[in-house]
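Single-letter residue listing:
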Amino acid sequence: SSVLLALDGFPSSSVAVLDWMSEHATILQSFKVYMRAHPNVPLEKLLAQCLLPMPKNYQPSHNDLEEDMAECFCVLYCHTSMGMQALLRGIPAIHLALDSPLSDDPLEELRSLKWTVNTPEALQEAIREIKNLNKAEHEKEWMKAKEFIQSYFSLPTQEAMKDFL
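Note that this is a predicted model, so its numbers are computed, not measured.

Asker: What's the story with the overall build of the chain in this structure? I'm lost.
Answerer: The number of helices and strands found in the chain is 7 helices and 6 strands. For the chain, whose C-alpha radius of gyration is 16 Å, the value lies close to the compact-globule estimate of 15 Å for 165 residues. If one aligns the C-alpha atoms of the chain with their principal axes, the spans along those axes are about 50 × 40 × 30 Å. Long-range pairs, those at least 24 residues apart, make up 65% of the contacts in the chain with a sequence separation of at least 6. Only carbon and sulfur atoms are counted for the fraction: they give 54% of the accessible area of the chain, which is about 9,400 Å². Between the mean site of the 14 positive side-chain charges and the mean site of the 23 negative ones, the chain shows a separation of 5 Å.

Asker: Which parts of the structure should I look at to understand the environment of Glu141?
Answerer: Its place among the elements puts Glu141 in helix 6 (residues 135-152). With a relative accessible area of 19%, Glu141 lands in the buried category. Remark: the alpha-carbon pair of Glu141 and Leu113, spanning 28 residues in sequence, is separated by 5.4 Å. Aside from chain neighbours lying at most four places away, what touches Glu141 is Arg111, Ser112 and Leu113.

Asker: Honestly, the pairing of strand 2 (residues 32-36) in this entry has me stumped. Any pointers?
Answerer: In regular strands, side chains alternate between the two faces of the sheet. Alignment of strand 1 (residues 2-6) against strand 2, held across 5 bridges, turns out to be parallel. Residue pairing for strand 2: Leu4 is matched across the bridge by Tyr34. Chirality of the crossover, the property in question, places the unit of strand 1, helix 1 (residues 11-23) and strand 2 among those that are right-handed. Sheet topology note: the strand 2/strand 3 (residues 58-60) ladder contains 3 bridges and is parallel. Looking at strand 3, one finds that Met35 is bridged to Pro60. With respect to chirality, the unit in which strand 2 leads through helix 2 (residues 43-49) into the neighbouring parallel strand 3 is right-handed.

Asker: Explain the environment of Ile94 here, please?
Answerer: As for its placement among the helices and strands, Ile94 is situated in strand 5 (residues 93-96). Along the chain, Ile94 and Glu66 lie 28 residues apart, while their C-alpha atoms are 18 Å from each other. Setting aside anything within four residues of it in sequence, one finds Ile94 in contact with Cys74, Val75, Leu76, Tyr77, Trp115, Val117, Leu123, Ala126, Ile127 and Ile130.

Asker: Could you clarify how one ought to interpret unusual backbone geometry in this entry?
Answerer: Comment: phi is negative for the bulk of residues other than glycine, and the bulk of peptide bonds are trans. Even without being glycine, Leu113 reaches a positive phi, approximately 60°. Relative to the helices and strands, Leu113 resides in the loop between strand 5 and strand 6 (114-117).

Asker: Explain the sheet that holds strand 3 here, please?
Answerer: Judged by pairing direction, the sheet is parallel, and its 6 strands sit side by side in the order 3-2-1-4-5-6 without closing on themselves. Two strands in the sheet have a free side with no partner beyond their single neighbour: strand 3 and strand 6. Each adjacent strand pair in this sheet contributes to an overall mean axis angle of 25°, direction not counted. Docked against the sheet, helix 1 engages strand 1, strand 2, strand 3, strand 4 (72-77) and strand 5, running at close to 150° with respect to strand 1.

Asker: Could you clarify how one ought to interpret the nonpolar core in this entry?
Answerer: Among soluble globular proteins, nonpolar side chains are generally buried collectively. Among the nonpolar cores identified, the biggest contains 30 residues, and Leu5, Met21, Leu28, Leu76, Ile94, Leu96 and Leu123 are the most heavily contacted of them. At the level of elements, strand 1, helix 1, strand 2, helix 2, strand 4, strand 5, strand 6 and helix 5 (120-132) are the ones that each hand at least two residues to this core. If you tally residues by element for this core, the top one is helix 1, at 5 residues. Residue contacts for Leu5: discarding those within four places in its chain leaves Val17, Leu18, Met21, Val33, Tyr34, Met35, Arg36, Tyr58, Leu76 and Leu96. Leu4, Tyr77, Met82 and Met84 belong to the second largest nonpolar core, which has 19 residues in total.

Here is what the cut-offs are and how they apply
- Residues numbered from 1 in each chain as written.
- Predicted model: local features only at pLDDT ≥ 70, side-chain atom pairs only at ≥ 80, totals over all residues.
- Heavy atoms only, no water.
- Helix = DSSP H or I, 4+ residues; strand = E, 2+ residues; numbered from the N terminus.
- Rg over C-alpha atoms; globule rule 2.2 N^0.38 Å.
- Contact = heavy atoms within 4.5 Å.
- Areas by Shrake-Rupley, 256 points an atom, 1.4 Å probe, with all protein chains shown as cover.
- Lys, Arg positive; Asp, Glu negative; His and termini not counted.
- Charge placed at Lys NZ, Arg CZ, Asp CG, Glu CD.
- Buried < 20%, exposed > 50% of the residue type's maximum accessible area, 1.4 Å probe, protein only.
- Pairing = 2+ DSSP bridges.
- Right-handed = clockwise from strand over helix to strand, strands pointing away.
- Axes fitted to C-alpha atoms, helices over the stretch in contact; angles between N-to-C directions.
- Core = buried A, V, L, I, M, F, W, Y, C linked by side-chain atoms within 4.5 Å.

Right, here's the structure in full:
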């Protein structure tokens, strides 16, 4: 089973995430972890800036997005729309809220099939909860997440705009 670690377009936060993941590597030691860098930030440059070496089960992704998503157990993300991409496909998403005092999660209010973690213990708990989801729970949570994301992109209405006017 594999996990997709989706990095954002900010080199400093991506390096911080990689170092944090490396420091807490035992949490995902039973998974292959595929690192997918933002297209504008080469993974090699990020890895060269890391303080810690990547664990042996961490590998760069050389697949296209569809292949990465098709093979993963869940997606770990920070500052990126990859969480949305995963959830629309029914793949659990874990937001890594590691380096920002303010939320940077585009899906902050969503709780269905999505977890937010900021400690190693919370990441372990999220992985455990995902493993324990039965098929019916997964399907129900996926539908809720899909509905939330589709409403995220809905056209503006008078009702929706009233908070801004």
